[in-house]
Amino acid sequence: MSYRTADSLRSVTLDDVRGAQKMLSGVARVTAMEGSRYLSQLVGAPVHLKCENLQRTGSFKLRGAYVRISGLLPEERAAGVVAASAGNHAQGVALASSLLGVHSTVFMPKGAPLPKISATREYGAEVRLHGQVVDETLAAAQEYAAETGAVFIHPFDHPDVIAGQGTVGLEILEQCPEVRTVVVGMGGGGLAAGIAVAVKAIHPDVRIVGVQAEGAACYPPSLAAGHPVSLRNPATMADGIKVGRPGVVPFVIVGELVDEVRTVSEDQLSAALLLCLERAKLVVEPAGASPVAALLAAPDAFEGPVVAVLSGGNVDPVLMQRVLRHGMAAQGRYLAVRLRLTDRPGALATLLGVLSAVDANVLDVSHVRTDPRLGLTEAEVELHLETKGPVHCVEVGRALRDAGYTVID
């Protein structure tokens, strides 16, 4: 089934975004904008964080979903709406539908995080689990729409959705009128397109920079080709921007109004998420941290004042644990060392005493005595340590060598 209509292909204007802002009054929060001293020092100019992770449902998606569903005809509302999503769009559609008195059915992958499934149900949607990946879930939702007459609510490829997301741009200009650069994560492109429409119409000289994960960067090849191009196997921890093909409507807007699209690595995403948590005290999902990752990767590339849009904070606790460990590793906060020592009572305790003296926290110890490479009186020890960073790692290595231990590469 194709959800595309003549209306879905129309352009998006500043008047559309301003109309959406009026529609969202009292529905979506005007989210806070927080300054970041650390990022400001790094960039050499003021950096502000637009906290859409504190929006209702935990992301900007409520804005576009509410505007889209509000624009349905009475007979369309009566038929209900259907969506496919692994998380943020699901919750946005669920809450928007409940507020507007419209029945919603949301298809989610079987492997979607349980907290997101539970939240979507609590917001009032009927949740159906189907498929292992979003593409399978999307096909099921479109088939359901064809069979039942329910209106399919696309997460980013519709003018009303883009207009709703563009209200973030209007808030940015109201909260930081001197802004010179807006940095925003991109998946299908709806948020970046909406922000670009709003900001460029009022201040054409403001630079808009989109950020994609390296493993799901569908925009660079699409922009080079002049039309949307599909990625074969997009892969990234940032599921909020894990999209294999740009939307047709946002692609045109991005091509005209977004000044640059950058990519960031998984290590950079992890480090950015960790920084948001440690320095800004903000829980942000990997997709939401992507603008911060871009700033960390190339701080000299952005003219300030800079506004980085933290698009969402719906991160599964299990993923958060893994990502934080990954981010700490990327920052040199973990150290794995392997060394040999004499296999005698108290040898391990002596080694741990050396590590304690330099304030290295031991997370795990593996003690091997039976490897044929070892001598009769030798044992091999592998330790996983938590450190304070790269400089501390060097200090730990020096302390071990000074104590007479030989670290094995």
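Our subject is the structure that appears above.
Residues numbered from 1 in each chain as written. Predicted model: local features only at pLDDT ≥ 70, side-chain atom pairs only at ≥ 80, totals over all residues. Heavy atoms only, no water.

**Some thoughts on the packing of aromatic side chains**
So, point 1. As enumerated under the stated definition, the model contains two aromatic pairs in all.
So, point 2. Arranged with centres 6.2 Å apart and planes meeting at 25°, the rings of Tyr219 and Phe251 form a pair that is stacked. Pair noted here: Tyr219 is in helix H10 (residues 219-225) and Phe251 is in helix H11 (residues 248-257), with a separation of 32 residues, a long-range link.
So, point 3. Residue classification places Tyr219 among the buried positions, given a relative accessible area of 0%. (Phe/Tyr/Trp six-rings, centres within 6.5 Å; stacked < 30°, edge-to-face > 60°. Helix = DSSP H or I, 4+ residues; strand = E, 2+ residues; numbered from the N terminus. Buried < 20%, exposed > 50% of the residue type's maximum accessible area, 1.4 Å probe, protein only.)

**A few points about the pattern of salt bridges**
So, point 1. Summed over the entire model, instances satisfying the criterion amount to eleven salt bridges.
So, point 2. A salt bridge links Glu171 to Lys50; its shortest N-O distance comes to 2.7 Å. Within this pair, whereas Glu171 is found in helix H8 (residues 159-175), its partner Lys50 is found in strand E2 (residues 47-51), the two being separated by 121 residues in sequence. Pair check on accessibility: Glu171 and Lys50 agree, each one buried.
So, point 3. Among the salt bridges present, the one from Asp259 reaches Lys200, with a minimum N-O distance of 2.9 Å. Within this pair, whereas Asp259 is found in the loop between H11 and strand E9 (260-264), its partner Lys200 is found in helix H9 (residues 190-202), the two being separated by 59 residues in sequence.
So, point 4. Each of Lys50, Glu52, Arg63 and Glu171 takes part in salt bridges that share partners, so that together they form one network. (Salt bridge = Lys/Arg side-chain N within 4 Å of Asp/Glu carboxyl O.)

**Focus on the pairing of strand E7 (residues 181-185)**
A regular strand places its side chains so that they alternate between the two faces of the sheet.
So, point 1. Of all five residues in E7, five are buried, a share of seventy percent or more.
So, point 2. In E7, alternate side chains face the same way, and those of Thr181, Val183 and Gly185 on one face and Val182 and Val184 on the other are all buried.
So, point 3. Judged from the five bridges that link them, E7 and strand E8 (residues 207-213) form a sheet pairing that is parallel. Directly across from Val184, in E8, lies its bridge partner Gly210.
So, point 4. You can see the chain leave E7, run along H9 and come back into E8, and the turn it takes is right-handed. (Pairing = 2+ DSSP bridges. Right-handed = clockwise from strand over helix to strand, strands pointing away.)

**Quick notes on unusual backbone geometry**
So, point 1. For the peptide bond that leads from Gly304 to Pro305, omega is 0°, which places it in the cis range.
So, point 2. Among the secondary structure elements, Pro305 is positioned in the loop between helix H13 (290-297) and strand E10 (306-310).
So, point 3. Of note, Thr57 is a non-glycine position whose phi angle comes to about 70°, a positive value.
So, point 4. Tracing the backbone through its elements, the reader meets Thr57 in the loop between E2 and helix H3 (61-70).
So, point 5. The exposure class of Thr57 is buried, given its relative accessible area of 5%.
So, point 6. One non-glycine residue with positive phi stands out, namely Asp359, at about 65°.

**Focus: the sheet that holds E9**
So, point 1. Strand order in the open sheet made by the six strands is E1-E2-E10-E7-E8-E9, with mixed pairing throughout. Strands at the two margins of the open sheet, each flanked by one partner only, are strand E1 (33-35) and E9. Each neighbouring strand pair of the sheet contributes to a mean axis angle of 25°, computed without reference to strand direction.
So, point 2. Sheet topology note: the E2/E10 ladder contains five bridges and is parallel. What sits directly across from Val47, in E10, is Val306. (Axes fitted to C-alpha atoms, helices over the stretch in contact; angles between N-to-C directions.)

**Considering the sheet that holds strand E6 (residues 151-152)**
So, point 1. Spatial strand order, E5-E4-E3-E6: four strands in an open sheet with parallel pairing. Each of the sheet's edge strands pairs with one partner strand only, and the pair in question is strand E5 (126-129) and E6.
So, point 2. As paired strands, strand E4 (residues 104-108) and E5 are joined by four bridges and run parallel to one another. From the neighbouring strand, Met108 faces E5, where its bridge partner is Leu129.
So, point 3. Relative to strand E3 (residues 81-84), helix H7 (residues 134-148) is tilted by about 165°, and along the sheet it contacts E3, E4, E5 and E6. (Contact = heavy atoms within 4.5 Å.)

**Side note on helix H1 (residues 14-24)**
Residues spaced three or four apart along an α-helix point in a common direction, a consequence of the helix completing one turn every 3.6 residues.
So, point 1. When we look at burial in H1, the residues that qualify are Leu14, Val17, Ala20 and Leu24. Mapping the buried residues of H1 onto a view down its axis gives an arc of 120°, with all of them on the same face. Seen from the buried face of H1, the exposed residues on the opposite side, beyond 90 degrees, are Asp15 and Lys22.
So, point 2. Directly beyond the C-terminal end of H1, a positive phi value near 85° is found at Gly26. (Arc of directions from axis to C-beta.)

**Here's the deal with the packing of H1 against H9**
So, point 1. Running from amino to carboxyl end, H1 crosses H9 at an angle of 115°, the nearest separation of the two axes being 9 Å. In terms of axis orientation, H1 runs roughly perpendicular to H9. Note on packing geometry: the crossing formed by H1 with H9 is left-handed. Each of Leu14, Val17 and Arg18 in H1 lies in contact with H9, whose residues at this interface are Val197, Ala198, Ala201 and Ile202.
So, point 2. Taken together, the residues of the contact of H1 with H9 sort by class into six nonpolar, no polar and one charged. (Parallel < 35°, antiparallel > 145°, perpendicular 65-115°, else oblique. Left-handed = near helix turned anticlockwise from the far one by under 90°. Nonpolar A, V, L, I, M, F, W, Y, C, P; charged D, E, K, R; others polar.)

It is worth stressing that arrangement in space is one thing and function is another; only the former is reported here.
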